[in-house]
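# Fold and geometry: a report
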Amino acid sequence: MRSRFLAALLFATTFACGSAPPPESAVRAKDASRTGGASTATATATAMGTAEKQLTADETLSTDDGATFQAARGWFVSKRGAMTVLQTPEKEVSIALVTSTEPDAEKAITAAWENLSKGFSRPVKQRMTPPARDGWTSITQIVYETKTDETRVVIGLARAEGGKQHVMLFDGTESGFDRRGAQIGTIQSSYKPKGLAAEALGGREAHDLDSARLAAFASFAESARDALTIPGTAVAIVQHGKVVFAKGFGVREKGKPELVTPKTLFMIGSTTKSLTTIMMAKLVDEGVFDWDTPMTKLMPEFALGDASATEKITLRHTVCACTGMPRQDMAFLFEYAGSTPEKRVASLRQAKPTTGFGETFQYSNMLVAAGGYVAAHAAAPGKALGPAYDETLRSRVLEPLGMRSTTSDLATVRRAEHASPHGLTPEGGSALSPLGTEEGVFAIRPAGAVWSNVEEMARVLALELGKGSVDGKHIVSEKNLLLRREPQVKITEKMAYGIGLFLEDDHGLPVAGHGGNNLGFTSDFFFLPKSDVGMVVLSNKGGANTYRRVLRRKLVELLFDANPEAEPLLRFALEQGKKSLAGDLALVERRPSAAFFTSLAGTWSSPELGTITIRRDAKGTAILDAGEWNTAFGEKTEKDGGKKLYMLDPPWLGETLVVGSSGEPTLTLESGQEKHVFRRTK
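Read on for a plain summary of the structure.

Here is what the cut-offs are and how they apply
Residues numbered from 1 in each chain as written. Predicted model: local features only at pLDDT ≥ 70, side-chain atom pairs only at ≥ 80, totals over all residues. Heavy atoms only, no water. Helix = DSSP H or I, 4+ residues; strand = E, 2+ residues; numbered from the N terminus. Rg over C-alpha atoms; globule rule 2.2 N^0.38 Å. Buried < 20%, exposed > 50% of the residue type's maximum accessible area, 1.4 Å probe, protein only. Contact = heavy atoms within 4.5 Å. Lys, Arg positive; Asp, Glu negative; His and termini not counted. Charge placed at Lys NZ, Arg CZ, Asp CG, Glu CD. Disulfide = S-S within 2.5 Å. Salt bridge = Lys/Arg side-chain N within 4 Å of Asp/Glu carboxyl O. Pairing = 2+ DSSP bridges. Axes fitted to C-alpha atoms, helices over the stretch in contact; angles between N-to-C directions. Expected span 1.5 Å × (residues − 1). Polar contact = N/O pair within 3.5 Å; in protein donor to acceptor, adjacent residues only side chain to side chain. Core = buried A, V, L, I, M, F, W, Y, C linked by side-chain atoms within 4.5 Å. Phe/Tyr/Trp six-rings, centres within 6.5 Å; stacked < 30°, edge-to-face > 60°. Left-handed = near helix turned anticlockwise from the far one by under 90°. Nonpolar A, V, L, I, M, F, W, Y, C, P; charged D, E, K, R; others polar. Parallel < 35°, antiparallel > 145°, perpendicular 65-115°, else oblique.

## Observations regarding the overall build of the protein
For the protein, the helix and strand inventory stands at 21 helices and 34 strands. Whereas a compact globule of 682 residues would reach a radius of gyration of roughly 26 Å, the protein reaches 24 Å, a difference of no more than 12%. Here the C-alpha coordinates of the protein stretch approximately 65 × 65 × 55 Å along the principal axes. The buried share of the protein, reckoned over its 682 residues, is 60%. At a minimum sequence separation of 6, the contacts of the protein that also span at least 24 residues come to 64%. A distance of 1 Å separates the average location of the 81 positive side-chain charges in the protein from that of its 79 negative side-chain charges.

## Regarding the state of the cysteines
For the coordinates displayed, the defined rule picks out 1 disulfide. Between the sulfur of Cys 320 and that of Cys 322 lies a disulfide, 1.7 Å long from S to S. Handedness of the Cys 320-Cys 322 disulfide follows from its S-S torsion of about -65°: it is left-handed. Overall, the relative accessible area of 0% leaves Cys 320 in the buried class. The exposure class assigned to Cys 322 is buried, which follows from its relative accessible area of 6%.

## Describing the pattern of salt bridges
Taken as a whole and judged by the stated rule, the model has 42 salt bridges. With its nearest N and O atoms 2.6 Å apart, the salt bridge here joins Asp 329 to Arg 327. A single burial state applies to Asp 329 and to Arg 327, both of which are buried. A salt bridge links Arg 394 to Glu 399, with the nearest nitrogen and oxygen atoms 2.1 Å apart. Its relative accessible area of 48% is what places Glu 399 among the partly exposed residues. A network of salt bridges, in which partner residues are shared, links Arg 133, Asp 134, Glu 199, Arg 553, Glu 557 and Glu 565.

## Focus on the sheet that holds strand 6 (residues 93-100)
Paired through their backbone hydrogen bonds, the strands of a sheet run either parallel or antiparallel. Here we have 8 strands laid out as an open sheet, ordered 1-4-5-6-10-9-8-7, and antiparallel in their pairing. Every interior strand has two partners, whereas the edge strands, strand 1 (52-54) and strand 7 (124-128), have only one. In this sheet, adjacent strand axes meet at a mean angle of 15° when their direction is disregarded. By the bridge criterion, 3 bridges tie strand 1 to strand 4 (residues 76-80) in an arrangement that is antiparallel. Each bridged residue has a counterpart across the sheet, and for Glu 52 the counterpart in strand 4 is Ser 78. Taken strand by strand, helix 4 (residues 105-116) contacts strand 4, strand 5 (83-87), strand 6, strand 7, strand 8 (138-144), strand 9 (152-161) and strand 10 (164-173), and its axis lies near 55° from that of strand 10.

## What to know about the side chain of Asp 584
With respect to the element layout, Asp 584 can be found in helix 20 (residues 566-585). Judged by relative accessible area, which is 14%, Asp 584 ranks as buried.

## A few points about helix 4
Side chains that are three or four residues apart share a direction in an α-helix, a result of its 3.6 residues per turn. In this model helix 4 runs 17 Å from its N-terminal to its C-terminal C-alpha over 12 residues, within 8% of the 16 Å that 1.5 Å per residue would give. Taking the backbone nitrogen of Glu 106 as reference, a side-chain oxygen 3.1 Å away marks Asp 104 as the first, capping residue of helix 4.

## A word on the nonpolar core
Ranked by size, the top nonpolar core spans 106 residues in total, and within it Met 279, Phe 302, Phe 334, Leu 348, Ile 612, Leu 624 and Leu 657 carry the most contacts. It is helix 13 (residues 365-379) that provides the largest number of residues to this core, a total of 9 residues. With near-sequence residues (within four places) excluded, Leu 348 lies in contact with Phe 302, Ala 303, Leu 304, Gly 305, Met 325, Gln 328, Met 366, Leu 367 and Ala 370. Within the second largest apolar cluster, 34 residues are counted, among which are Ala 221, Leu 555, Val 556 and Leu 569.

## Considerations on the packing of aromatic side chains
Under the definition given, this model contains 17 aromatic pairs. Here Trp 113 and Tyr 144 contribute two aromatic rings whose centre-to-centre distance is 5.8 Å and whose plane-to-plane angle is 85°, an arrangement assigned as edge-to-face. Placement of Trp 113 in helix 4 and of Tyr 144 in strand 8 is noted, with a sequence separation of 31 residues between them. Through a chain of ring-to-ring contacts, three or more aromatic side chains come together here, namely Phe 334, Trp 629, Trp 652 and Phe 678.

## A short note on helix 6 (residues 181-190)
Most of helix 6 sits inside the fold, with 9 of its 10 residues counted as buried. All buried positions along helix 6 are accounted for by Ala 182, Gln 183, Ile 184, Gly 185, Thr 186, Ile 187, Gln 188, Ser 189 and Ser 190.

## As for the side chain of Glu 199
Locating Glu 199 in the fold gives a position in the loop between helix 6 and helix 7 (211-227). A relative accessible area of 11% places Glu 199 in the buried class. Here Arg 553 takes part through its side chain, which lies 2.9 Å from a polar atom of the side chain of Glu 199. Polar contacts involving the side chain of Glu 199 include one to the main-chain amide nitrogen of Asn 563, which spans 2.7 Å. With residues near it in sequence (within four places) discarded, Glu 199 still touches Asp 134, His 507, Arg 553, Ala 562, Asn 563 and Glu 565.

## A word on the pairing of strand 28 (residues 610-616)
When strand 27 (residues 602-606) meets strand 28, the two strands line up antiparallel, connected through 5 bridges. Counted as the bridge partner of Gly 602 is Ile 614 from strand 28. Turn length for the strand 27-strand 28 hairpin, with the two strands adjacent in sequence and antiparallel, is 3 residues. Of the pairings in the sheet, the one linking strand 28 to strand 29 (residues 622-625) comprises 4 bridges and is antiparallel in character. Residue Thr 613 lies in a different strand from strand 29, and its bridge partner there is Asp 625. Between strand 28 and strand 29, which pair antiparallel in sequence order, lie 5 residues; one of them, Gly 620, sits at a positive phi of approximately 85°.

## Concerning the packing of helix 8 (residues 272-285) against helix 13
Where helix 8 meets helix 13, the closest approach of the two axes is 10 Å, and the angle between their N-to-C directions is 35°. The element helix 8 and its partner helix 13 pack so that their crossing is left-handed. Contacts from Lys 273, Thr 276, Met 279, Met 280 and Leu 283 in helix 8 reach Asn 365, Val 368, Gly 371, Gly 372, Ala 375, Ala 376 and Ala 379 in helix 13. Residue composition of the contact of helix 8 with helix 13, grouped by class: 7 nonpolar, 4 polar and 1 charged.

## So, the environment of Ala 431
Residue placement: Ala 431 occurs in strand 15 (residues 430-432). Those residues in contact with Ala 431, other than ones at most four positions away along the chain, are Pro 421, His 422, Gly 423, Thr 425 and Pro 650.

## Remarks on the packing of helix 7 against helix 19 (residues 545-560)
Following both chains from N to C, one finds helix 7 and helix 19 inclined at 160°, their axes separated by 10 Å at the closest point. With respect to helix 19, the axis of helix 7 lies roughly antiparallel. Every pair of crossing elements has a handedness; the one defined by helix 7 and helix 19 is right-handed. Every residue of helix 19 that contacts helix 7 at Arg 213, Ala 216, Phe 217, Phe 220, Ala 221, Ala 224 and Arg 225 is listed here: Tyr 547, Val 550, Leu 551, Lys 554, Leu 555 and Leu 558. Along the lines of polarity and charge, the residues of the contact of helix 7 with helix 19 split into 10 nonpolar, no polar and 3 charged.

See below:
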């Protein structure tokens, strides 16, 4: 549901510091007034009759100016004068590339749009100038206003080098960006003008983390936490098989005095996937199955909504993000009371791949959950899926590693030393979120419901760096542990997804790991195998991705004398976050008008997401009540007059439902390739 953040996230590789680009899409950018469902470049190329070819293999292509970039098989490529135009296989998204000698970045972008589409006149919604890095002397990104009734993304990007502006124009549907996000990111991140010299860290020896370096790291970790209004965080670092740093920062819950310690439990989100695939590796060691065992052999009733995909899919495919299955996350955020693992696995019968096997990276929490459950059930066939997973993870991974506090049982967590979830407030701070809002992920727990602490997650880092052994104790075979680090699908030219792990070449440094996002928690877990060092970061605020990114960069700086980028990246993120939130809220009436509320009051239903009720509470506050959770809402009026229900309480702040403007009353929730329409029932 984090769709409003695409502009910042899609181009994170421009300025982020070595973290995997989030699989979430997209800022809403909606304008069908000139191009209908096709992108600007698609319509223009058709009108001009320019020749195009469809790539039959991944290729490295060149612009007229000699810059090179990578494009994927199936994409369409054409020329418009000096401009190179690329389109996705579905022609939902276009990217136009051109070089300009105009010194002003915004003028260069504007001229490129005029060349591509005469009369281009969308108003600017947002300007960003992230810190320049990797040989670029400046970076400018512009997000454009679009209409309410169509989800579109329209962005201009200019990066300066050698006295030239290298311009990229992006235009397409949100679903198209979600479907082809990895391939779009590859074009952008692989683009290299002649002579561009990025930072190179490969071959450097890592420093030992002595007391001075660790003190500098701790100081930065605390100042960043405070600046980002995160109530509490914990960090552990392992180097040469030993925990050299383990510390808590801040408090477990805002407004209460209890401090975070290395023993404080946090939700670790999708970092759970690393544990799930270690469990799978151990079961392969035991001969319970192998990585390429068909899912239907392990569970004959397992099925996707596509018969061919059902026949092909193996255990490996469930955890490789390589099957073409898109996200289906809305289902476990609504109507989750009473949901079971069996119901979640069965729901995949309605889900179909939207790209081919191995064609591109697409991230499916539901599919990972199914793989984890089916693997565990093969080891414990007499148990229901949930208990089978809990028992198998405990016996094969947690107990051997001495991880006695790590659990996915919320009742156990409540009795232990644990952090509480928090989210962003309209004032830009943080506020407590109900712990119950995290329950939706419990039915898909192999994908993201484990709670742990940095003390115990440091044991997992030691296992990874020890190639299957910790303190001389063998836990899992080196062969199957390391097989998880073999690329299964490309994300960008320097990033791939393995088996439950992101794999990255960070300026010549091999990095593996997995971040995590729950509604009220954010985590990171990564290690540098050749440098024998790794770090785990846990925090009790949702969407705290900037924190994990800048801490990773700071560690790299201290280990390898890398360029000092963490602090400027933090400053940029803070400034941009304030601007984005203020711009959003400027269009919102926090107390919706009587006419707006009256038009929505009542009960609405979606076939996939169930029932919501629009009501007032005892204080007269307008409330969206989804049953399991509720939030105050305001009335957002877009610049074209379109109306949206705008959620105000953490962890839902900024999420919207589009109010239908004609015909039957509707409330529409879109995120990536998901679209859910609520219709009034009473």
